[in-house]
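Read off the chains here:
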Amino acid sequence: MKNIIELKNVNFKYGNKELFKNLNLQIERGTFTTIIGTNGSGKSTLIRIILGLLVADGEIKINNLELNHKNLKKIISKIGVVLENPDDQFVAETVMDDIAFSLENMNVDKKEIKSRVNKIAKFIGIEDILEREPHSLSGGQKQLVALASALVTDPDILILDEALTMIDLDVRDKIYKILEQVNKINKITIINVTHDMDEILYGDNLIVIDNGNIVLNGPKEYVLLEEKTFNKLSLKLPFVVELSTKLQYYGLTDHLIFDMEELVDIIWK
């Protein structure tokens, strides 16, 4: 099936406040989608509905299964999740044991567990902290451990909910390049929920949410042309996008640019 996530006519209320009304959304299998919006726009609520943590009215299908009590365990087993506060996800005394925890619950062979933990740790660049206690790590290191724990089970879907906020910009760029690699090579569908506009530079598709409504949805190179809509929502486009938009206007390039090095090359030609 083309879509890995489908929401049809979804309604949700917080008390008497209606957040989603007849919400419709499809996310294609194998895509890297960023969901952006201001605080309170409904981004995290949408993710909690997809994960079955909040119950909404309407039809929801995840990975070809209807989201209900009967299918929930099977659905969740194929989703990796990284939250804003990684401390909420730690369950073991060492980083290695924490990454291994979900594999142990899946009854994976011990030798296989050790091999997979070491492989993902090396892939993300945290092999030197495997014996440390998770709570002794820096905020950025904790988020990397949470990411490793989410990826070690080789999920069909990876959801990041403000997941890399504690990581400095250089490391964050490195991690996003890893995520793009995981998306392209392993075909993992990635959904990144953020309020950080610089993070929209990564991935394929962009969804903009405001007050529970999907305002924009599509390939990022087209969505980011809607500068007036972003301004109306008080969402400032990344500098590299703003500048490349101006270069397009003056005929100096024929496309939006998301990479600073490419932008510099064009300017200095």
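Residues numbered from 1 in each chain as written. Predicted model: local features only at pLDDT ≥ 70, side-chain atom pairs only at ≥ 80, totals over all residues. Heavy atoms only, no water.

Each helix and strand counted, the chain has 10 helices and 10 strands in total. Taken over the C-alpha trace, the chain has a radius of gyration of 19 Å; the compact-globule value for 269 residues is 18 Å, and the two agree within 12%. Projected onto its principal axes, the C-alpha coordinates of the chain cover approximately 60 × 50 × 35 Å. Of all 269 residues assigned to the chain, the portion counted as buried reaches 46%. Sequence-distant contacts in the chain: of pairs separated by 6 or more residues, those separated by 24 or more amount to 60%. Looking at the chain as shown, the accessible area adds up to about 14400 Å², and 49% of this sits on carbon and sulfur atoms. (Helix = DSSP H or I, 4+ residues; strand = E, 2+ residues; numbered from the N terminus. Rg over C-alpha atoms; globule rule 2.2 N^0.38 Å. Buried < 20%, exposed > 50% of the residue type's maximum accessible area, 1.4 Å probe, protein only. Contact = heavy atoms within 4.5 Å. Areas by Shrake-Rupley, 256 points an atom, 1.4 Å probe, with all protein chains shown as cover.)

So, about helix α1 (residues 43-50). Here α1 lies mainly inside the structure; 6 of its 8 residues are buried. Taken together, the buried positions of α1 are Lys 43, Thr 45, Leu 46, Ile 47, Ile 49 and Ile 50. Following α1 by one or two positions, Gly 52 adopts a phi angle in the positive range, close to 80°.

This brings us to the packing of aromatic side chains. Applying the stated criterion across every chain yields a total of 2 aromatic pairs. Ring centres of Phe 12 and Tyr 14 lie 5.1 Å apart, and the angle between their planes is 85°; this geometry places the pair in the edge-to-face category. For Phe 12, a relative accessible area of 8% gives the class buried. A relative accessible area of 43% means that Tyr 14 is categorised as partly exposed. Ring plane angle 15° and centroid distance 4.4 Å describe the contact between Tyr 176 and Tyr 202, whose orientation is recorded as stacked. (Phe/Tyr/Trp six-rings, centres within 6.5 Å; stacked < 30°, edge-to-face > 60°.)

With that settled, consider the environment of Asn 183. Along the chain, the position of Asn 183 falls in helix α6 (residues 169-185). Along the primary structure Asn 183 and Asp 156 are separated by 27 residues, whereas in three dimensions their C-alpha atoms are 9.9 Å apart. Residue contacts for Asn 183: discarding those within four places in its chain leaves Gly 30, Thr 31, Phe 32, Ile 188, Ile 190 and Asp 204.

With that out of the way, let us pick up the pairing of strand β4 (residues 57-62). Two elements, strand β1 (residues 3-14) and β4, share 5 bridges in a ladder whose sense is antiparallel. Opposite Ile 5, over in β4, you have Ile 62 as the bridge partner. Here β4 pairs with strand β5 (residues 65-66) via 2 bridges, running antiparallel. Counterpart to Ile 62 in the pairing with β5 is Leu 65. (Pairing = 2+ DSSP bridges.)

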